[in-house]
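Here is what each chain is made of, one letter per residue.
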Amino acid sequence: MPTLETKNLTHIFPDGTIAIQNISLQVKPGEFLIIAGANGSGKTVLIRHLNGLFTPTKGTVLLDGKAITANIVEARKKIGLVFQDSDSQIVGQTVAEDVAFGPENLKLPPHEIDTITKRVLEITNLTALSTQNPHVLSGGQKRKLAIAGVLAMRPEIILFDEPFTGLDYPGVISILKQIINLHKTGHTIILVTHELEKVLAHADRLAILHKGQLMEIGTPKEVILHSKHYGIRMPLKNNEEIHLMTWLE
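One structure accompanies this document, and this report is about it. All residue numbers refer to position in the chain's written sequence, counted from 1. Restriction of local features to residues with pLDDT of at least 70 applies here, the model being predicted, together with a cutoff of 80 or more for giving and counting side-chain atom pairs; totals for whole chains, interfaces and linings are based on all residues. Heavy atoms from the whole structure form the basis of all side-chain values; hydrogens and water molecules are not counted.

1. Quick look at the nonpolar core
The tendency in soluble globular proteins is for nonpolar side chains to be buried side by side. Membership of the largest hydrophobic core comes to 45 residues, with the highest contact counts inside it found for I34, I158, F160, I179, I189, L196 and L206. With near-sequence residues (within four places) excluded, L206 lies in contact with L33, I34, A36, L196, L200, E216, I217, G218, P220, V223 and I224. Side-chain atoms within 4.5 Å link the members of a nonpolar core, which is a set of buried Ala, Val, Leu, Ile, Met, Phe, Trp, Tyr and Cys residues. Type-normalised accessible area, obtained with a 1.4 Å probe on protein chains alone, sets the label of each residue: buried when under 20%, exposed when over 50%, and partly exposed for intermediate values. Within the second largest apolar cluster, 26 residues are counted, among which are L50, I79, V192 and A207. Residue contacts follow a heavy-atom distance rule, with two residues in contact if any of their heavy atoms lie within 4.5 Å.

Structure, rendered in structure tokens:
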């Protein structure tokens, strides 16, 4: 059984604009799925349906075979979303307080909140910054903090919306390591990006959206050959060999 599934998912904005149309997609437990597409293809709209932030005009989203709307609170515990704009997820006065915010909302015992916060700070290499004001962090550190806040909710599935936007090279490498480690430790990863060269070598499947429709899905080596038809830059070497960047290997 897929861990996450969409059936004929359609979203039409009040002005009549069709953002996504009839998207049926299955995600397996532990999978690393990349969703790519040109600007305006519907990528962000799609993933915001996957944890119930958006309500579909038509169709359904299923988590473990059940509609996520049946228990949206439980669904959001299992499905975490890291936004492109990290600042929009920062709510605490310090890094540690920000990480603890989710578990506190779950009304967990204080000792458990403290344990989770310390563990997540260690995982994301933010322990040394635990007392810092989050708003003075670098772009890469803020992105790590956003990931930490999601991890503190102990999700099974993590959605990333353009996680490399605005980061310098060291920041990209640091976030890429975090994402790969999360996948290796058993999390299901769904990542939206137009920067395929950074992550394609680590993905199990690649899906391409075009004008709100799911046009291609399959192994990266199969699907990437058609990417140029949908306004996606294909990572090539000598115009013949697919160049999959494997910085961490």
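2. A look at helix 5 (residues 139–151)
Strands here mean DSSP runs of E at least two residues long; helices mean DSSP runs of H or I at least four residues long; both are numbered from the N terminus. Multiplying 1.5 Å by the residue count of a helix minus one yields the expected span of that helix. Over its 13 residues, helix 5 extends 18 Å from the first C-alpha to the last, a length consistent with the 18 Å expected when each residue adds 1.5 Å. For helix 5, a buried count of ten out of 13 residues is recorded, marking the element as mostly surrounded by other parts of the structure. Every buried residue of helix 5 is accounted for by G140, K142, R143, K144, L145, A146, I147, A148, V150 and L151. Against strand 6 (79–82), helix 3 (95–105), helix 4 (110–123), strand 7 (157–161) and helix 6 (169–184) lie the buried residues of helix 5.

3. Some points on the environment of K144
Along the chain, K144 falls in helix 5. For the pair K144 and S41, spaced 103 residues apart in the sequence, the C-alpha separation amounts to 27 Å. Ignoring any residue separated from it by four or fewer positions in sequence, one finds K144 in contact with T124, N125, L126, S174, I175 and Q178.

4. With respect to the packing of helix 5 against helix 6
The geometry of helix 5 relative to helix 6 is characterised by a closest axis approach of 9 Å and an angle of 20° between their N-to-C directions. In this view, helix 5 runs roughly parallel relative to helix 6, as classed from their interaxial angle. The chirality of how helix 5 crosses helix 6 is right-handed. Here helix 5 contributes G140, R143, K144, I147 and L151 to the contact with helix 6, which in turn contributes S174, I175, Q178 and L182. For the contact of helix 5 with helix 6, the class distribution of residues is four nonpolar, three polar and two charged. The axes are straight lines fitted to the C-alpha atoms, using for helices just the contacting stretch, and the angles between their N-to-C directions are given from 0 to 180°. Each angle gets one of four labels, with under 35 degrees taken as roughly parallel, over 145 as roughly antiparallel, 65 to 115 as roughly perpendicular, and the rest as oblique. If you view the pair so one helix is near and one far, a crossing is left-handed when the near helix is turned anticlockwise from the far one by less than a right angle, and right-handed when it is turned clockwise. Each residue gets one label: Ala, Val, Leu, Ile, Met, Phe, Trp, Tyr, Cys and Pro are nonpolar, Asp, Glu, Lys and Arg are charged, and the others, such as Gly, are polar.

5. Here's the deal with helix 3
For helix 3, the complete set of buried residues consists of V95, D98, V99, A100, G102 and P103. Where helix 3 is buried, its residues contact helix 4 and helix 5. Of the residues trailing helix 3, K107 is marked for its positive phi of about 60°.

6. Some points on the pattern of salt bridges
Pairing of side chains with opposite charge becomes possible as their charged atoms draw close. Whenever a carboxyl oxygen of Asp or Glu lies within 4 Å of a side-chain nitrogen of Lys or Arg, that contact is scored as a salt bridge. Tallied over the full model, the rule gives seven salt bridges. One salt bridge in this structure joins E197 and K198, with 3.6 Å as the shortest N-O distance. Each member of the pair E197 and K198 is classed as buried.

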